[in-house]
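What the coordinates show
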Amino acid sequence: MEEERLLVCARCSGGYPTSEPRWRCVCGGYLRLKQDGAAFPARDLGRRPATVWRYREALGIEDERNIVTMGEGFTPLVGFETAGAAEGRRLLLKLDYLCPTGSYKDRGSTVMISKLKEWGVTAIIEDSSGNAGASLAAYAAAAGIRADIYVPASISPGKAAQIVIHGANLVQVPGSREATAAAALKAADKTFYASHNWIPYFAVGLKTAAYEIAEQLDWEAPDWVVAPVGGGSLLIGLYLGFQHLWQSGVISRIPRLAGVQASGCAPVYNAWRAGRAEVLPVEKGDTVAEGICIANPVRGNDVLEAIRGSQGVMCTVTDEAIWQAVETLGRRGIYVEPTGAVSASAIDALCRQDVIRPGARVVAVLTGSGLKATDKIVDHFLAAPAHA
Ligand SMILES: *Cc1c(COP(=O)(O)O)cnc(C)c1O
Ligand SMILES: [Zn+2]
């Protein structure tokens with residue numbers, strides 16, 4: 001018999017039915033989806049659509065009529081020739097910026113918005129550093145859900161434009177990403193708070209990144225998967241997805257996960273390096289990788305668990321290394337925003353330190369399109385030096 005699906009609190013273990021809207025436990029803890037789905041027929045997916053919904057049994061939606069989809073997922077996995085320190089490693093790039101709204105966040109949004117529709121929610125408040133807001137605005141529009149999206153005033157205009165064109169109400173908050181979250185939460189006593197960092201169905205959608213990577217490698221796990229860590233939903237989703245495939249006997253081991261943070265904002269890395277089980281907030285983050293500038297990640301402890309559980313590592317990269325990766329990828333025809341290049345920017349150092357050994361098969365997830373951050377890219381590569 002199938003185990004009952006429940007939303008379970010990470011702090012007090014309180015359980016809630018999945019049939020009612022809820023974004024956190026009464027104790028204030030965040031929720032995880034327990035028993036998030038049945039196994040899908042991994043070796044018999046042939047006729048299913050080339051979207052994340054080919055794995056629909058594992059995505060927690062009860063009634064398929066509630067699915068809100070725009071063909072997201074099944075992004076290319078392409079080989080990338082390595083040189084220098086990374087020579088001898090078999091590097092593959094997962095081009096996850098090729099989702100409908102230009103970032104991998106669509107994997108989470110399609111599942112989360114489908115669940116909100118299933119819950120009968122008609123209006124939401126969300127806060128975001130930009131890409132989640134753009135993505136949720138798009139899927140809310142497709143679902144006919146009204147959305148107020150709170151963002152830091154400093155976000156890239158490209159992301160703000162997306163939010164506006166999808167008909168959402170854009171609220172720009174001065175100050176830090178944390179100030180934005182606080183403002184959204186304050187406004188959420190009247191409207192449902194659909195934060196992608198809190199609602200567990202967002203990370204459930206990100207399991208599909210793992211399913212796809214495994215399927216594209218003919219159900220053989222790579223040795224390493226390298227991904228940026230901000231709120232951590234991508235890294236947690238990868239771990240949940242690979243764990244599910246491993247427990248179902250589809251793959252024979254879980255790949256080691258490397259989580260990459262910017263050196264200017266690295267709360268999860270700090271906890272990992274100190275051997276702590278708990279992530280403490282950093283004072284104030286600052287990095288060109290705006291999508292991962294999160295000083296106090298809600299699910300930080302789950303990221304640590306995923307890293308340790310996969311025998312992986314956390315590491316940091318400088319803004320200089322991130323820009324270098326934007327350029328290196330660009331010279332090979334791949335156009336990503338700084339945050340989208342973070343995983344690639346860590347490869348060299350991980351190889352130089354021999355964490356990733358010669359012969360290893362490595363997947364780096366590229367998360368956001370360069371078209372998102374035209375202004376920053378122009379400033380960095382085209383504008384004249386600013387000093388007088
Ligand atoms: C949100 C975002 C990230 C960080 O992902 P988390 O799941 O929050 O850790 C990385 N890259 C891009 C482009 C993003 O928009
Ligand atoms: Zn609780």
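These numbers were taken from a predicted model, which means no experiment stands behind them.

Rules and cut-offs
- Residues numbered from 1 in each chain as written.
- Chains lettered and ligands numbered in written order.
- Predicted model: local features only at pLDDT ≥ 70, side-chain atom pairs only at ≥ 80, totals over all residues.
- Heavy atoms only, no water.
- Core = buried A, V, L, I, M, F, W, Y, C linked by side-chain atoms within 4.5 Å.
- Buried < 20%, exposed > 50% of the residue type's maximum accessible area, 1.4 Å probe, protein only.
- Helix = DSSP H or I, 4+ residues; strand = E, 2+ residues; numbered from the N terminus.
- Contact = heavy atoms within 4.5 Å.
- Pairing = 2+ DSSP bridges.
- Axes fitted to C-alpha atoms, helices over the stretch in contact; angles between N-to-C directions.
- Donors = N, O, S within 2.8 Å, 3.2 Å for Na, K, Ca; no water.
- Near = heavy atom within 4 Å.
- Polar contact = N/O pair within 3.5 Å; in protein donor to acceptor, adjacent residues only side chain to side chain.
- Areas by Shrake-Rupley, 256 points an atom, 1.4 Å probe, with all protein chains shown as cover.
- Phe/Tyr/Trp six-rings, centres within 6.5 Å; stacked < 30°, edge-to-face > 60°.
- Domains from an automatic or database assignment.
- Buried area = accessible area lost by both parts, 1.4 Å probe.
- Salt bridge = Lys/Arg side-chain N within 4 Å of Asp/Glu carboxyl O.
- Nonpolar A, V, L, I, M, F, W, Y, C, P; charged D, E, K, R; others polar.

Counting residues in each nonpolar core, the largest one holds 91 residues, and the members touching the most others are Ile113, Leu116, Leu238 and Phe242. In terms of residue count, helix α5 (residues 200–216) provides more of this core than any other element does, nine residues in total. Excluding anything up to four places from it in sequence, Leu238 contacts Leu206, Ala209, Ala210, Ile213, Val225, Ala227 and Leu257. Residues Ala262, Ala325, Ala341 and Ala364 belong to the second largest nonpolar core, which totals 37 residues.

What follows is about the sheet that holds strand β5 (residues 90–95). Taken in spatial order, the six strands make up an open sheet running β4-β5-β13-β10-β11-β12, and their pairing is mixed. Unpaired on one side and paired on the other, β4 (77–80) and β12 (313–317) mark the two borders of the sheet. Neighbour-to-neighbour, the strand axes of this sheet turn through a mean angle of 25 degrees, independent of strand direction. The sheet contact formed by strand β11 (residues 256–262) and β12 spans five bridges and is parallel. Looking at the pairing, Gln261 lines up with Thr316 of β12.

As a further point, take the environment of Arg56. When you line up the elements, Arg56 lands in the loop between β3 (31–34) and β4. C-alpha separation for the pair Arg56 and Ile67, spaced 11 residues apart in sequence, amounts to 9.6 Å. Setting aside residues no more than four positions away along its own chain, Arg56 makes contact with Arg48 and Glu64.

Only Cys9 (SG), Cys12 (SG), Cys25 (SG) and Cys27 (SG) from the protein coordinate the zinc ion (ligand 2), and they sit 2.2 to 2.3 Å from it. Mapped onto the sequence, the donors of the zinc ion (ligand 2) take the spacing C-x2-C-x12-C-x1-C.

Bringing the site of ligand 1 into the picture now. Taken together, 16 residues lie near ligand 1, and Tyr104, Lys105, Gly232, Ser233 and Thr367 sit nearest. Between Tyr104 and ligand 1, the recorded distance is 2.7 Å, taken from a side-chain N or O atom to an oxygen atom. In the complex, 99% of the free accessible area of ligand 1, which totals 380 Å², lies under the protein chains.

With that out of the way, let us pick up the packing of aromatic side chains. For the coordinates displayed, the defined rule picks out nine aromatic pairs. Between Phe40 and Tyr211, the aromatic rings sit 4.8 Å apart at their centres with planes inclined by 70 degrees, giving edge-to-face as the arrangement. Placement of the pair is Phe40 in the loop between β3 and β4 and Tyr211 in helix α5, with a sequence separation of 171 residues. Classification of Phe40 as buried rests on a relative accessible area of 7%. Seen from their ring centres, Trp323 and Phe381 are 5.5 Å apart, and the 85 degrees between their planes marks the pair as edge-to-face.

Here Glu215 lies in helix α5. In this structure Glu215 comes out as buried when scored by relative accessible area, which is 17%. Apart from the residues lying within four places of it in its own chain, the contact partners of Glu215 are Leu45, Arg54, Tyr55 and Phe74.

Now for the domain arrangement of the protein chain. Domain boundaries assigned for the protein chain yield domain 1 (1–35) and domain 2 (77–104 + 203–387). At the interface, four residues of domain 1 touch six residues of domain 2. Carbon and sulfur atoms make up 46% of the area that domain 1 and domain 2 hide from each other, which totals about 400 Å². If you sort the residues of domain 1 by the area they bury against domain 2, Tyr30, Arg32 and Leu33 come out on top, with a joint share of 88%. Connecting domain 1 to domain 2 are two salt bridges. Where domain 1 meets domain 2, there are three residue pairs in polar contact (both at pLDDT 80 or more). Of the residues that constitute the side of domain 1 that touches domain 2, the class distribution is three nonpolar, no polar and one charged.

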